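One letter stands for each residue in the lines below.
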Amino acid sequence: MDKNLHLEVIDLDTDDDCDVEINSGGTSIATVSEKINLNRITYIKSNRQNIIFPGYNTKIYTELVNYICSKQKTDLLHSSQCCDSKIEDLLYVFNPRTWLNDRMIDHYFTLLTKSVKDHSIMSLDPFFLNCFAIYGMEKATKSIKGTVKNIFNFDKVIIPTNLQDIHWTFTVVDMKKQTITLYDSNSKKVNFYESEICLLLDYLNDAYNFIRKPYDKPFQWKLRHGRSPLQNNNYDCGIFTCTNARHVLLGKSLYYSQDDAPLLRHRITYEILHDVLLPTP
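Below is a short write-up of the structure. (Residues numbered from 1 in each chain as written. Predicted model: local features only at pLDDT ≥ 70, side-chain atom pairs only at ≥ 80, totals over all residues. Heavy atoms only, no water.)

1. Observations regarding the overall build of the chain
- Each helix and strand in the chain was counted, giving 9 helices and 7 strands.
- In the chain, which comprises 281 residues, the proportion classed as buried is 49%.
- Partitioning the contacts of the chain with sequence separation of at least 6, the portion at a separation of at least 24 is 64%.
- Total accessible area on the chain is roughly 14500 Å²; 49% of this is exposed by carbon and sulfur atoms. (Helix = DSSP H or I, 4+ residues; strand = E, 2+ residues; numbered from the N terminus. Buried < 20%, exposed > 50% of the residue type's maximum accessible area, 1.4 Å probe, protein only. Contact = heavy atoms within 4.5 Å. Areas by Shrake-Rupley, 256 points an atom, 1.4 Å probe, with all protein chains shown as cover.)

And the structure:
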């Protein structure tokens, strides 16, 4: 977030859409509010805000709203970094009752990998397994971000997965324990991820056999189903997926619930804009 940007306080208690404009050389620049009703976004009152979003208050909330109002939908979130995420993507996080897109999921998982210092983590993007299914191991491996492509050089590998284009889940592979653990916030969709787990197992075995020495023992993978808080709607799965990943990688208990989802949206919005991971009690 541009710290030099002047943030004008906007009253969101009216029925009108936020209509901030930036004047540049006499030309009015359209802002996100012209097509997105930001009045759906409200300050979240919660007796758990110090746990769910440490430091959250009306000032932080107003800063988030006004900053987004001052931007165009096509503006990059972080112009100084190698980032292709835009304000229009962030609106899927900040706006209530909206489904997170793959760009925001991938962005947040990347933030997790660079913020967690206790162990080395690789994050595979949401399309990785599809790439492997279509093009095979070699091209899938080349698609991995970063210079290190060997997943076995990391302690853990995290994979956000979009099941049938309707539901986000999160899988973590622990190389040392040789475990694959799936976290799903909707137990009713348990049969949906069988094909994705099979693809993941195939890739792990193919990648290991490619680097395996004659004296190396084969991996014996153990599949686990991690306990996750359950959502009670069809649009918060991305919020649960990001929050599950954060807690699991930090070794924290999953102590949140569906009631915390609106405030979690504000927290994740803040973390993405500031490119920082807030404390997890």
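2. Notes on the pairing of strand β4 (residues 156-163)
- In terms of burial, β4 is largely enclosed, as 7 of its 8 residues are buried.
- Both β4 and strand β5 (residues 167-174) contribute to a ladder of 8 bridges, which runs antiparallel. Across the sheet, the residue bridging to Lys156 is Asp174, located in β5. (Pairing = 2+ DSSP bridges.)

3. Brief notes about the environment of Asp236
- Residue position: Asp236 is located in the loop between β7 (222-226) and α8 (237-249).
- Taking the C-alpha atoms as reference, Asp236 lies 9.2 Å from Arg265; in sequence the two are 29 residues apart.
- Discounting chain neighbours no more than four positions away, the residues touching Asp236 are Gln231, Gln258, Ala261 and Arg265.
- Looking at Asp236, its side chain comes within polar contact range of the side chain of Arg265, at 2.9 Å. (Polar contact = N/O pair within 3.5 Å; in protein donor to acceptor, adjacent residues only side chain to side chain.)

4. Overview of the pattern of salt bridges
- By the definition in use, this model includes 8 salt bridges.
- Here Asp260 and Arg48 are joined by a salt bridge, their closest N and O atoms 2.9 Å apart. Placement of Asp260 in the loop between α8 and α9 (261-274) and of Arg48 in the loop between β2 (27-29) and α1 (49-52) is noted, with a sequence separation of 212 residues between them.
- The exposure class assigned to Asp260 is buried, which follows from its relative accessible area of 4%.
- For Arg48, a relative accessible area of 24% puts it in the partly exposed group. (Salt bridge = Lys/Arg side-chain N within 4 Å of Asp/Glu carboxyl O.)

5. Quick word on the packing of helix α4 (residues 102-115) against α9
- Contact geometry of α4 with α9 gives a least axis separation of 11 Å together with a crossing angle of 70°. As summarised for this structure, α4 and α9 are arranged roughly perpendicular, according to the angle between their axes. The way α4 lies across α9 gives a crossing that is left-handed. Along its contact with α4, which presents Met104, His107, Tyr108 and Leu111, the element α9 presents Ile268, Glu271 and Ile272.
- Split by residue class, the contact of α4 with α9 holds 5 nonpolar, 1 polar and 1 charged. (Axes fitted to C-alpha atoms, helices over the stretch in contact; angles between N-to-C directions. Parallel < 35°, antiparallel > 145°, perpendicular 65-115°, else oblique. Left-handed = near helix turned anticlockwise from the far one by under 90°. Nonpolar A, V, L, I, M, F, W, Y, C, P; charged D, E, K, R; others polar.)

6. Some details on the nonpolar core
- Ranked by internal contacts, the top residues of the largest apolar core, which has 51 residues, are Leu77, Leu90, Tyr108 and Phe170.
- Elements with a contribution of two residues or more to this core: α2 (58-69), α3 (87-94), α4, β5, α8 and α9.
- Discounting chain neighbours no more than four positions away, the residues touching Tyr108 are Cys242, Arg246, Ile268, Glu271, Ile272 and Leu277.
- Core analysis: the second largest hydrophobic core is formed by 28 residues, Leu124, Ile159, Tyr193 and Leu200 among them. (Core = buried A, V, L, I, M, F, W, Y, C linked by side-chain atoms within 4.5 Å.)

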